[in-house]
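Reading the structure
One-letter residues, chain by chain:
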Amino acid sequence: MIHSTTCLFEMAASGTPAEGEWKLPAKRRCRVAIIGAGAAGLSVAQELLPKLLIEKPEPQGDDKLESLIILEARDRIGGRINTAELSNGIKVDMGAAWVHGTGVPCGSDGKEFANDELNPMVRWLQKNTDTGEGSNDANNTQDPLGAGLMYASPRGNPDTRPRDVLHAPQGFGAADMDQHLIEIHIAKQRVVRDDANITKALELYEKILANASRVGAAAFLCREGMATSTISIGKTIDVLRKYANRKYGVGFPKADDGSIVETLVGFYLHNLQIWHPHSLANVQLSEFIADETEFAVDKDDDEPTNGSADDHTEDDVVDNVHNKGGDEGDYPGPHCNVQGGMGTILGPLQSNGVKECIMCEKKVMGLDWKEEAGTILVTCADGLKVEAEFCIVTLPIACLKTAIGNDMFRPCLSKEKEEAITMLQMGSYKKVFLTFEEIFWSTDASFLGLARSPLKRPQLFGKTDIGLGNFLNVDNTHAKLYGQSVLEITLAGGSAQWATGREEQDIKAAVL
């Protein structure tokens, strides 16, 4: 059952419960306790519960042995999955929203590909969603995978591949070959689709990242590969553009339209920050090396085994880093939204008896390993204690770090585990939803790229700027695919840090 502390407080205020009235035991026993009712915790419960079911358990009062208990600190399940309804009735994903690559090309039903090539999320949706054909007519691409997907970015990752995704024709029929994924506006002036400055900006952007990749590759050739995990891509870009701009052609464009080109380059680099999601000052250079194995060095030889960094053309590096898809922690193929919101997957995850195992508003304060009894005692903030044979912790990294700092694990985890957890980093996201009475803007593109003002010099990425910055990438898919008067803006890295803790009105004013 899903219990809430509210009803417990009401019971406490009304005095001693009458005979036969239910009350929460002060202590419960189970075979497995799961901490966290996010996607990970619920998935684990789905896998384990059928194997843990106790045959005909005898009632033992408050001390009966249960199969599984899930303890969730919030008043809702889902963790990062949080599909909410706005005041106008429109549903939006406040957290996780994307299936990042189906694994197969747009239009494919996946049957001609091996099953392991599909994104596992797609396989899960195929089994657990009930969809009809023609579910994505708004973008002229049906959902042949039968996974309840809306093809928001049919050609792949819109954040990391500006040339062949953002600025490429998105349609797969003659009538749609002129549909591009983005409209860009600089100082409220639209950059037309066939503007030569876009081509120049793409060439400069790719040249910058290709040469940054070469810097990382050179570090591997010199047996300094570890340095690429401490040097940021932002700092590398700054150094290249300041000190090697003539040699590699990555300086500020000299033409009269140079500021437009530079602004577009800044926007593409801004999108990389959304993807990672960190300021580029905090993203490791190693993330941008085309393929470390291409630059491997034999342990018994001072010469590279597969050529040198100079043996690879700029096109090779660009192709490896940007244009294949699936190389940035995503899968190849279309990037999609889930119809009805990502929250629709929580229903199936609670099936088969899992829902009855969940207890919300149960913040875990301590996990005590009782060696003699061979059990773990889980203590919650409201006084509930759960004694379990096994305990699975599915806390987010930030909460796990806090738990270590608050000595939640008793005895402590090993130093090696604590160090590993401490070194794990998570990015910062903040979503802003703007709702209007009606759609008054263009719905031709899925994204609107906005720059406050043109750049007069290359933007520096070697340090984190805590602020909204010069760029916004506005998700227009609510209007384009669903006809809803909503614009969604994702702030990442420094801009997300700036927005955290601020009043909604302040964020709204700055964004508008």
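Just so it is clear, the structure is predicted and the values come from calculations on it, not from any experiment.

1. Topic: the overall build of the chain
In terms of regular secondary structure, the chain is built from 15 helices and 18 strands. Per-residue burial over the chain gives 46% buried out of 512 residues. In the chain, 70% of the contacts between residues at least 6 apart in sequence involve partners at least 24 apart. Carbon and sulfur atoms make up 50% of the accessible area of the chain, which totals about 26,200 Å².

2. Looking at unusual backbone geometry
Phi is mostly negative for residues that are not glycine, and the peptide bonds are mostly trans. In this structure, the amide linkage connecting His276 to the following residue, Pro277, adopts the cis form with an omega of -20°. Relative to the helices and strands, Pro277 is located in the loop between α8 (258-275) and α9 (314-323). Positive phi is not limited to glycine here, since Lys188 has a value of about 70°. Its place among the elements puts Lys188 in the loop between β7 (182-186) and β8 (189-191). Phi angles above zero are rare outside glycine, and Glu361 is one such case at about 55°. Residue position: Glu361 is located in the loop between β10 (358-359) and β11 (364-370). In this structure Glu361 comes out as partly exposed when scored by relative accessible area, which is 26%.

3. What about the pattern of salt bridges?
Using the criterion set out here, one finds 11 salt bridges in the structure. Residues Glu387 and Lys27 are paired through a salt bridge, measuring 3.4 Å at the closest nitrogen-oxygen approach. With a gap of 360 residues between them, Glu387 in strand β13 (residues 385-393) and Lys27 in strand β1 (residues 27-35) connect regions that are remote in the sequence. With a relative accessible area of 38%, Lys27 lands in the partly exposed category.

4. What to know about the layout of surface pockets
The calculated volume of the second largest pocket comes to roughly 670 Å³. Together, 24 residues line the second largest pocket, and Lys188, Leu450, Leu472, Val511 and Leu512 are the ones closest to its centre. Elements with a minimum of two residues in the lining of the second largest pocket: β7, β16 (447-451), β17 (471-475), β18 (486-492) and α15 (504-511). Here the residues of the lining of the second largest pocket sort into 17 nonpolar, 4 polar and 3 charged.

5. Notes on the sheet that holds strand β14 (residues 409-410)
The strand order β10-β2-β1-β13-β12-β11-β14 describes an open sheet built from 7 strands, whose pairing is mixed. Of all the strands in the sheet, the pair left with one neighbour each is β10 and β14. Looking at chain direction, β11 and strand β12 (residues 375-380) are connected through 6 bridges and run antiparallel. Its bridge partner being in β12, Val364 is matched across the sheet by Cys380. Taken strand by strand, helix α2 (residues 39-52) contacts β1, β2 (65-71), β10 and β13, and its axis lies near 175° from that of β2.

6. Focus on the state of the cysteines
Disulfide: a covalent bond connecting the sulfur atoms of a pair of cysteines. Within the structure shown, the criterion is met by 0 disulfides. Lacking any disulfide linkage, Cys391 is separated from the closest cysteine sulfur, that of Cys30, by 8.3 Å. With relative accessibility at 22%, the residue Cys391 sits in the partly exposed group.

7. Describing the pairing of β13
For β1 and β13, the ladder comprises 8 bridges, and the chain directions are parallel. When the bridges of β13 are listed, Arg28 appears paired with Val386. As paired elements, β12 and β13 share 4 bridges and run antiparallel to each other. Its bridge partner being in β13, Leu377 is matched across the sheet by Glu387.

8. Digging into the pairing of β1
The sheet contact formed by β1 and β2 spans 6 bridges and is parallel. Looking at β2, one finds that Ala33 is bridged to Ile69.

9. A closer look at the sheet that holds β16
The mixed open sheet is built from 6 strands, whose spatial order is β8-β7-β16-β17-β18-β15. Looking at the sheet topology across the chains shown, the edges are occupied by β8 and β15 (429-435). Between one strand axis and the next, the sheet turns through 30° on average, direction left out of account. Relative to β8, β7 runs antiparallel, the two sharing 3 bridges. Within β8, the residue paired with Ile186 across the bridge is Gln189. Packed on one face of the sheet, α8 meets β7, β15, β16, β17 and β18 and runs near 60° to β17.

Cut-offs used in this document
Per-chain numbering applies: the sequence of each chain, read as written, is numbered from 1 onward. Side-chain atom pairs in this predicted model are given and counted only at pLDDT of 80 or more, local residue features only at pLDDT of at least 70, and totals for whole chains, interfaces and linings cover all residues. Each side-chain value is worked out from all heavy atoms of the structure, with water and hydrogens disregarded. The numbering of helices and of strands both runs from the N terminus, where a helix is a DSSP run of H or I of at least 4 residues and a strand a run of E of at least 2. In this scheme, a residue with accessible area under 20% of its type's maximum is buried, one over 50% is exposed, and one in between is partly exposed, where area comes from a 1.4 Å probe on protein chains only. Contacts were defined at the residue level, with two residues in contact if any of their heavy atoms lie within 4.5 Å. Every accessible area reported is derived by Shrake-Rupley at a probe size of 1.4 Å, with residue values counting cover from the shown protein chains alone. Here, a salt bridge means any side-chain nitrogen of Lys or Arg that lies within 4 Å of a carboxyl oxygen of Asp or Glu. Site definitions follow a grid-based scheme: protein atoms alone, a 1 Å grid, a 1.4 Å probe that fits but cannot get out for cavities, and for pockets an open set with protein on both sides within 12 Å along at least five of seven lines, plus lining residues having an atom within 4 Å of a point. Grid points are joined across faces, edges and corners, and a volume is the space filled by probe spheres set on the points. Residue polarity follows a fixed list, in which Ala, Val, Leu, Ile, Met, Phe, Trp, Tyr, Cys and Pro are nonpolar, Asp, Glu, Lys and Arg are charged, and the others, Gly among them, are polar. One bridge is not enough; two strands pair if DSSP finds at least two bridges between them. To obtain each axis, a line is fitted to C-alpha atoms, and for helices this fit is confined to the stretch in contact; angles are then taken between N-to-C directions over 0 to 180 degrees. Pairs of cysteine sulfur atoms within 2.5 Å are what we label disulfides.

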